[in-house]
Amino acid sequence: MPREVISTPEAPEYPSYSQAVKAGDTIYVAGTVGVDVATGELAGPTIQEQTRQSLLNCQAILRAGGAELSDAVMVHTLLLRPADADGVNEVFDEFFPNVRPPRCVSRLGVDRPGILVSIAMVAVTD
């Protein structure tokens, strides 16, 4: 199956891996943090601010591949502090008010200063 690298300047770029890869009708979005590309800085110090920006970044990547957040079929949330799960859920309710994709939560294994959350997802295009 042919694969296509998905890239957009509207989301943070990573030198060692792709923002996403599309294989057939499926888009695999890499772990995306809450960096605002306009400033190059984290969107803020709270879990809500970083989760919101991370989801906006995922949304931009999905759009570059021809999908939307509503096309997500699996979301993997990585948290620095498991106690932040309620704050993440609060923001997810804003972005996924009706159909909530399956989600798993793990502990963020990479300690990078200030980063509280990383979100990866899988979406299917029509």
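For the structure itself, consult the block above.
Along each chain, numbering runs from 1 in the same order as the chain's sequence is written. Owing to the predicted nature of the model, reporting of local features is limited to residues with pLDDT of at least 70; listing and counting of side-chain atom pairs is limited to 80 or more, with chain, interface and lining totals taken over all residues. Side-chain measures were taken over the full set of non-hydrogen atoms in the model, leaving aside hydrogen atoms and water.

### Describing the overall build of the chain
Then step 1. Helical segments are the DSSP runs of H or I of at least four residues, strand segments are the runs of E of at least two, and each set is numbered from the N terminus. When you go through the chain residue by residue, the secondary structure sums to two helices and eight strands.
Then step 2. Starting at the N terminus and ending at the C terminus, the chain contains elements arranged as β-β-β-β-β-α-β-α-β-β.
Then step 3. Computation of the radius of gyration draws on C-alpha atoms alone. For the globule rule, the value is 2.2 Å times the number of residues to the power 0.38. Taken against the 2.2 N^0.38 rule, which gives 14 Å for 126 residues, the C-alpha radius of gyration of the chain at 14 Å falls within 12% of a compact globule.
Then step 4. For the C-alpha atoms alone, the extent of the chain along its principal axes is close to 40 × 35 × 25 Å.
Then step 5. Here the chain, with 126 residues, has 44% of them falling under the buried criterion.
Then step 6. Contacts are assigned to residue pairs with any non-hydrogen atoms lying within 4.5 Å of each other. When contacts within the chain are restricted to residue pairs at least 6 apart in sequence, long-range pairs at least 24 apart make up 68% of them. Relative accessibility decides the category of a residue: with a 1.4 Å probe and only protein chains considered, values under 20% of the type maximum give buried, values over 50% give exposed, and everything between is partly exposed.

### So, the pattern of salt bridges
Then step 1. Each salt bridge in this description consists of a side-chain nitrogen of Lys or Arg and a carboxyl oxygen of Asp or Glu lying within 4 Å of one another. Within the structure shown, the criterion is met by four salt bridges.
Then step 2. Taking the shortest distance from any N to any O, the salt bridge between Glu68 and Arg63 comes out at 3.0 Å.
Then step 3. For Glu68, a relative accessible area of 32% gives the class partly exposed.
Then step 4. Notably, a salt bridge pairs Arg81 with Asp84, separated by 3.1 Å at the nearest N-O pair.
Then step 5. Given a relative accessible area of 40%, Arg81 falls into the partly exposed group.
Then step 6. On the accessibility criterion, Asp84 (12% relative accessible area) is buried.

### Some details on the state of the cysteines
Then step 1. Pairs of cysteine sulfur atoms within 2.5 Å are what we label disulfides. For the structure on display, the rule yields zero disulfides.
Then step 2. Residue Cys58 stays outside any disulfide, its sulfur separated by 13 Å from that of Cys104, the closest cysteine.
Then step 3. Look at Cys104 and you get partly exposed, because its relative accessible area is 29%.

### Focus: helix α2 (residues 85-95)
Since the α-helix packs 3.6 residues into each turn, any two residues three or four apart lie on the same face.
Then step 1. Every buried residue belonging to α2 is among Gly87, Val88, Val91 and Phe92, and all of these are buried. On an axial view of α2, the arc spanned by its buried residues comes to 135°, and they lie on one face. Each direction from the helix axis to a C-beta atom contributes to the arc, which is the arc of those directions.

### A closer look at a nonpolar patch on the surface
Then step 1. The grouping of Val73, Met74 and Val124 at the surface amounts to a nonpolar patch, some 200 Å² of accessible area in total.
Then step 2. Relative to the helices and strands, Val73 resides in strand β6 (residues 72-79).
Then step 3. On the basis of relative accessible area, Val73 is assigned to the partly exposed category, the value being 39%. Only residues whose relative accessible area exceeds 30% and that take part in no salt bridge are eligible for patches, with like-charged residues grouped when within 9 Å of each other and nonpolar side chains (Val, Leu, Ile, Met, Phe, Trp, Tyr) grouped when within 5 Å. In these tables, accessible area is a Shrake-Rupley quantity obtained with a 1.4 Å probe, and a residue counts as shielded only by the protein chains included in the view.

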